[in-house]
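Now for the letters of each chain:
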Amino acid sequence: MDAADLYALIICGSVGLAIAFIVCGFIFFGIDAFNAKKEKRKIKTGLKVWFIISIALAVLITIGFIGLFILAALAMNSM
């Protein structure tokens, strides 16, 4: 295994963990929001923070993928 393969594994693993973090944040926030509405209480602060971080992380990943797509399109057009 050379360094490029190792870096690819690290990047794919990091993105996978970030996506799992995002999905869990959305699910737990939705569950707590539903329960809070039934119980007439506010949503837990920790879950609000997790949800906001998840949104920011999702935006960063989306911008990164769009940047990679644009870079790949430019590379293909220059050939």
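Our structure's up above, just so we're on the same page.
Residues numbered from 1 in each chain as written. Predicted model: local features only at pLDDT ≥ 70, side-chain atom pairs only at ≥ 80, totals over all residues. Heavy atoms only, no water.

Draft legend 1. Molecular detail of the side chain of D32. For D32, the position within the fold is in helix α1 (residues 3-39). The exposure class of D32 is buried, given its relative accessible area of 5%. Those residues in contact with D32 that sit more than four places away from it in its chain are R41, I43, K44 and L47. (Helix = DSSP H or I, 4+ residues; strand = E, 2+ residues; numbered from the N terminus. Buried < 20%, exposed > 50% of the residue type's maximum accessible area, 1.4 Å probe, protein only. Contact = heavy atoms within 4.5 Å.)

Draft legend 2. Representation of a nonpolar patch on the surface in the model. A surface patch of nonpolar side chains, amounting to about 590 Å² of accessible area, comprises M1, L6, Y7, L9 and I10. Among the structural elements, L6 can be located in helix α1. (Patch = residues over 30% accessible without salt bridge, like charges linked within 9 Å, V, L, I, M, F, W, Y side chains within 5 Å. Areas by Shrake-Rupley, 256 points an atom, 1.4 Å probe, with all protein chains shown as cover. Salt bridge = Lys/Arg side-chain N within 4 Å of Asp/Glu carboxyl O.)

Draft legend 3. Just helix α2 (residues 45-77), in detail. Relative to the 48 Å expected for 33 residues at 1.5 Å per residue, α2 spans 48 Å between its end C-alpha atoms, a close match to the ideal helical length. Considered for burial, the residues of α2 that qualify are L47, S54 and I61. Elements that come into contact with the buried residues of α2 comprise α1. (Expected span 1.5 Å × (residues − 1).)

Draft legend 4. The pattern of salt bridges, seen in detail. This structure, assessed with the given rule, holds two salt bridges. In this structure, D32 engages R41 in a salt bridge whose closest nitrogen and oxygen atoms are separated by 2.9 Å. As a salt-bridge pair, E39 and R41 come within 2.8 Å of each other at their nearest N and O atoms. According to the relative accessible area criterion, R41 is partly exposed, its value standing at 32%. Via salt bridges that share partners, D32, E39 and R41 belong to a single interconnected network.

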